[in-house]
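Notes for the structure review
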Amino acid sequence: MSLKNIRLEVMQAIEPKVQGFMDSFLIPIEEIWQPSDFLPDSQNDNFFAETEQIREEAKELGYDFWVTLVADTITEEALPTYESWLMDVEGIDQHSGKENGWSKWVRAWTAEENRHGDVLNKYLYLSGRVNMREVEITTQHLISDGFDIGTDRDPYKNFVYTTFQELATNISHKRVGKMARQKGNGLLSKMCNIIAGDEMRHHLAYREFVKTIMGQDPNGIIEAFADMMKKKIVMPAHFLRESGESIGTAFEQFSDCAQRLGVYTAQDYIEILKKLNDYWEVGNIRGLSEQAEKAREYLMKLPERLQRISERMQFSQDQYKFKWVQANGML
Ligand SMILES: [Fe+2]
Ligand SMILES: [Fe+2]
């Protein structure tokens, strides 16, 4: 049997459980928060006073902070790329006639995610600290450029990727929220924290998908996990560019910014890997094929190896001047 068929069979075998995953890890639409809950109400006479407060509080935040928040927002705004990518994954079938649990999941997950870019975009617009046109051009470029995360259409690799990535975004939104609070910006802090909460639920869901696959096809999923880690988990915005620049040119400067600020660092990458190894009990899996056993050993040794590499790693301390943010203050 081909590799592809095993994956399809596993996806089909798990499909009846997906509704249960949705009930456990997503929140019904009528109950979940909406961007408006955190933003000034434009139908209310207080709108201008509340917006003025946002603009005042925004002045306390520095250049690296804004660059990071803008890039986080753009990453969220490129959601069409992620939805179309996931819909194309083997076993996630939106054309099968009867409602397929996996495609239902992708739509519901997308619907939750869509609120993230929405709330952040509106906040950036009201803050008065950002060149929105430049942000919009970058967003349009990023969606148009797509991404290449090395997962192909393989559900195993895609779920390993999303498990990793949802936790990475949880960490970065949480840290941005903490910094905003330290600078007295309560509203932005609340927004970032509530987004971080969504990312955590999504992480827990994808982590469970992988765990369930592990019960069905441990060899396949361990090899897929190791393969993703060998390639390195690239950020979904790795093609980021500014207006007039070529593809991917803004990404490195943004990730240096996030490192300098401590919003998302090489150490976080290692910690996420360790958490995944623990939760999926990679250390305890026995009876694997020879090839999967090699992959398992690779995964077990990887955190230490990455630790040694990260200690030698350097990142730029120079502030690159992005077109998105006027350099007004270095707080
Ligand atoms: Fe998100
Ligand atoms: Fe997410």
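In this text the structure is predicted, and so the values were computed from the model without any measurement.

Here's the deal with the coordination of the iron ion (ligand 1)
- Here the iron ion (ligand 1) is held by E76 (OE), E76 (OE), E113 (OE), H116 (ND1) and E199 (OE), and the distances to it run 2.1 to 2.4 Å.
- One chain supplies every donor to the iron ion (ligand 1), and in sequence these donors are spaced E-x36-E-x2-H-x82-E.

A short note on helix α2 (residues 18-25)
- Inspection of α2 places V18, F21, M22 and F25 among the buried residues, and these make up the whole buried set. Within α2, the buried residues cover an arc of 100 degrees as seen down the axis, which keeps them to one side. Residues of α2 that are exposed and point more than 90 degrees away from the buried face comprise D23 and S24.

Focus on the environment of M229
- Note on placement: M229 falls in helix α10 (residues 218-231).
- Classification of M229 by relative accessible area gives buried; the value is 3%.
- Taking the C-alpha atoms as reference points, M229 and V89, 140 residues apart in sequence, are found 19 Å from one another.
- The contacts of M229, once residues within four sequence positions are left out, are F164, Y269, L273, Y298, L299 and L302.

Some remarks on the UniProt feature "binding site: Fe cation 2" (unreviewed entry) in the chain
- Under the UniProt annotation, "binding site: Fe cation 2" (unreviewed entry) lies at E113, E166, E199 and H202. The greatest C-alpha distance among the annotated residues, which extend across 90 residues, is 10.7 Å, indicating that they converge on a single site.
- Looking at where E113 falls in the secondary structure, it is placed in helix α6 (residues 101-127).
- When you line up the elements, E166 lands in helix α8 (residues 155-182).
- E166 sits in the buried class, given a relative accessible area of 5%.

A word on the nonpolar core
- Grouped together as the largest cluster of nonpolar side chains are 103 residues, with contacts concentrated most on W66, W105, Y123, M229, L240 and W324.
- Considering each element in turn, this core owes the most residues, 11 residues, to α8.
- Leave out the neighbours within four places in its chain, and L240 touches A71, I74, T138, L142, I247, G248, T249, A250, F251, F254 and W324.

Rules of the game
Residues numbered from 1 in each chain as written. Chains lettered and ligands numbered in written order. Predicted model: local features only at pLDDT ≥ 70, side-chain atom pairs only at ≥ 80, totals over all residues. Heavy atoms only, no water. Donors = N, O, S within 2.8 Å, 3.2 Å for Na, K, Ca; no water. Buried < 20%, exposed > 50% of the residue type's maximum accessible area, 1.4 Å probe, protein only. Helix = DSSP H or I, 4+ residues; strand = E, 2+ residues; numbered from the N terminus. Arc of directions from axis to C-beta. Contact = heavy atoms within 4.5 Å. UniProt positions renumbered as here; feature names shortened; annotations may be inferred. Core = buried A, V, L, I, M, F, W, Y, C linked by side-chain atoms within 4.5 Å.

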